[in-house]
Amino acid sequence: MRGRPICNPVIDFNPMSEDEKFNQAFGEHTGISKYCREKIYRIKNNSNVSTRCNLDSRDVVQFTDRAWELLGRYIANNNNLSELVIRNCGLTDQQISSLFRTLTSSFSLEILDFDFYNLFGIEGLRSMIPFFEDSPNLSQISFGRNRNINSEL
């Protein structure tokens, strides 16, 4: 696994501090569980304790588009996360697009698992293309048992 080059960070020009953005999207007032907030916080802070992120429907039901965008940026800037699992969440094209708007590359992710009961289709897959093109260590992708991937082919 290679480290993320210093010259290629994902930049957000929003004048709010990182903590303010995090609290706006993931704070206690959002209804997102403490457990989920802690997972996201560890990803945001590049914790070497968190190499796997597993989110399910209970975790993401309260996520806004901004929360998905921030999660994507946190993952893109994380050097330790090797596995992202988002199952059984009913993710739509819009939510996937929000996530991959800022998750355009990853040097640490090896496994991307969106298996089982997500609702994105071809538009959601198209939003992932920049990520696939610039994630050299990605070795396993799973989209099985998603309801809308075959509906547009």
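Computed from a predicted structure; not experimentally measured.

1. Description of the packing of helix α2 (residues 34–44) against helix α4 (residues 65–76)
- Contact geometry of α2 with α4 gives a least axis separation of 8 Å together with a crossing angle of 45 degrees. In this view, α2 runs oblique relative to α4, as classed from their interaxial angle. Contacts between α2 and α4 involve Ile40, Ile43 and Lys44 from the former and Leu71, Tyr74 and Ile75 from the latter.
- Among the residues making up the contact of α2 with α4, the classes are represented as five nonpolar, no polar and one charged.

2. Some words on the sheet that holds strand β2 (residues 83–86)
- With respect to topology, four strands assemble into an open sheet ordered β1-β2-β3-β4, the strand pairing being parallel. Because the sheet does not close on itself, it has two edges, and the strands there are β1 (52–55) and β4 (140–142). Across the sheet, the axes of successive neighbouring strands diverge by a mean angle of 5 degrees, strand direction being ignored.

3. Notes on α4
- Here α4 spans 17 Å end to end across 12 residues, near enough to the 16 Å set by a 1.5 Å rise per residue.
- Among all positions of α4, only Ala67, Trp68, Glu69, Leu70, Leu71, Gly72, Arg73, Tyr74, Ile75 and Ala76 are buried.
- Next to the buried residues of α4 lie α1 (18–26), α2, β1, α3 (57–60), β2 and α5 (93–102).

The rules behind each value
- Residues numbered from 1 in each chain as written.
- Predicted model: local features only at pLDDT ≥ 70, side-chain atom pairs only at ≥ 80, totals over all residues.
- Heavy atoms only, no water.
- Axes fitted to C-alpha atoms, helices over the stretch in contact; angles between N-to-C directions.
- Helix = DSSP H or I, 4+ residues; strand = E, 2+ residues; numbered from the N terminus.
- Parallel < 35°, antiparallel > 145°, perpendicular 65-115°, else oblique.
- Contact = heavy atoms within 4.5 Å.
- Nonpolar A, V, L, I, M, F, W, Y, C, P; charged D, E, K, R; others polar.
- Pairing = 2+ DSSP bridges.
- Expected span 1.5 Å × (residues − 1).
- Buried < 20%, exposed > 50% of the residue type's maximum accessible area, 1.4 Å probe, protein only.

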